[in-house]
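# Tertiary structure, described
What follows is the residue order along each chain.
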Amino acid sequence: QVQLVESGGGLVQAGGSLRLSCAASGSIFSIATMAWYRQAPGKQRELVASISSVGLRNYADSVKDRFTISRDNAKNTVALQMNSLKPEDTAVYYCNAYIVPRSTWTPQNYWGQGTQVTVSS
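A few words now on the overall build of the chain. When helices and strands are tallied, the chain shows 0 helices and 11 strands. Here the C-alpha atoms of the chain give a radius of gyration of 14 Å, agreeing with the 14 Å that 2.2 N^0.38 yields for 121 residues. In the chain, buried positions account for 40% of the 121 residues. Within the chain, contacts between residues separated by at least 24 positions form 56% of all contacts whose residues are at least 6 apart in sequence. Carbon together with sulfur atoms contributes 49% to the accessible area of the chain, which is approximately 6,400 Å² in total.

Set out below in structure tokens:
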């Protein structure tokens, strides 16, 4: 079965840094866009950053110039380097990927379980 497993969440002080990682596992034919979303308490889930299979990136305005998304296609991983963290970055962060499994050969959107990021002031 295909799944996304996240790691790297935690507690950090404002101005600090944190790196989130997400690994896709299973029998995978290909992965298109990989992305990080986040959902703060009482807020709608929002796209933080995405990266295409060829490395094209986009970021939410709120994290531009502070966060960097990257991926390793050979390892089927995506990471989010978060610098200059602010309390408003506090949220559950979710890994997302559009994957074609070899079992179905049909594209499907997958989500990780979420990892908590808490930024203290």
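Let us look at the state of the cysteines. Here, disulfide denotes a covalent bond that connects the sulfur atoms of two cysteines. Enumeration over the complete set of coordinates arrives at 1 disulfide. Each sulfur in the disulfide pair cysteine 22 and cysteine 95 lies 2.1 Å from the other. One quick way to see it: the torsion about the S-S bond of cysteine 22 and cysteine 95 is about -85°, and its sign makes the bridge left-handed. You can see cysteine 22 sitting in strand S3 (residues 18-25) and its partner cysteine 95 sitting in strand S9 (residues 91-101), a full 73 residues away along the chain. Neither residue differs from the other here; cysteine 22 and cysteine 95 are each classed as buried.

A separate point is the pattern of salt bridges. Counted by the stated rule, this structure contains 3 salt bridges. Close ionic contact of glutamate 46 with arginine 38 constitutes a salt bridge, the shortest N to O distance being 2.8 Å. A salt bridge links arginine 66 to aspartate 89; its shortest N-O distance comes to 2.8 Å. In this pair, arginine 66 is assigned in the loop between strand S6 (57-59) and strand S7 (67-72) and aspartate 89 in the loop between strand S8 (77-82) and S9, connecting sequence segments 23 residues apart. The pair formed by arginine 66 and aspartate 89 is uniform in burial state, with each residue classed as buried. Through salt bridges with shared partners, a single network forms among Arg38, Glu46, Arg66 and Asp89.

Looking now at the nonpolar core. In globular proteins that are soluble, nonpolar side chains generally tend to be buried together. The biggest cluster of nonpolar side chains holds 30 residues, and the ones touching the most others in it are Trp36, Leu80, Met82, Tyr93 and Ile99. For this core, the elements supplying multiple residues, two or more each, are S3, strand S4 (28-39), strand S5 (46-51), S7, S8, S9 and strand S11 (115-120). Aside from chain neighbours lying at most four places away, what touches leucine 80 is Leu18, Arg19, Leu20, Trp36, Val48, Ala49, Phe67, Thr68, Ile69 and Tyr93.

Moving on, we get to the pairing of strand S10 (residues 108-111). The pairing of S9 with S10 spans 4 bridges and is antiparallel. Each residue of the ladder has a partner; that of tyrosine 98, found in S10, is asparagine 109.

Moving on to the sheet that holds S3. Read from one edge to the other, the open sheet built from 4 strands follows the order S1-S3-S8-S7, with strand pairing classed as antiparallel. Edge positions in the sheet fall to strand S1 (3-7) and S7, since each of these pairs with one other strand and no more. Ignoring strand direction, the axes of neighbouring strands in this sheet form an average angle of 15°.

A separate point is the packing of aromatic side chains. Pairs of aromatic rings are described using the distance from one ring centre to the other and the angle between the two planes. Per the counting criterion, the structure on display carries 3 aromatic pairs. Here a set of aromatic residues connected by ring pairs shows up, and it is made of Tyr37, Tyr94 and Trp111. Stacked on the ring of tyrosine 94, the Lys or Arg arginine 45 has its end atom at 3.7 Å from the ring centre. Against the face of tryptophan 111 rests arginine 45, its NZ or CZ located 4.8 Å from the ring centre.

Parameters and conventions
- Residues numbered from 1 in each chain as written.
- Predicted model: local features only at pLDDT ≥ 70, side-chain atom pairs only at ≥ 80, totals over all residues.
- Heavy atoms only, no water.
- Helix = DSSP H or I, 4+ residues; strand = E, 2+ residues; numbered from the N terminus.
- Rg over C-alpha atoms; globule rule 2.2 N^0.38 Å.
- Buried < 20%, exposed > 50% of the residue type's maximum accessible area, 1.4 Å probe, protein only.
- Contact = heavy atoms within 4.5 Å.
- Areas by Shrake-Rupley, 256 points an atom, 1.4 Å probe, with all protein chains shown as cover.
- Disulfide = S-S within 2.5 Å.
- Salt bridge = Lys/Arg side-chain N within 4 Å of Asp/Glu carboxyl O.
- Core = buried A, V, L, I, M, F, W, Y, C linked by side-chain atoms within 4.5 Å.
- Pairing = 2+ DSSP bridges.
- Axes fitted to C-alpha atoms, helices over the stretch in contact; angles between N-to-C directions.
- Phe/Tyr/Trp six-rings, centres within 6.5 Å; stacked < 30°, edge-to-face > 60°.
- Lys NZ or Arg CZ within 6 Å of the ring centre and 35° of its normal.

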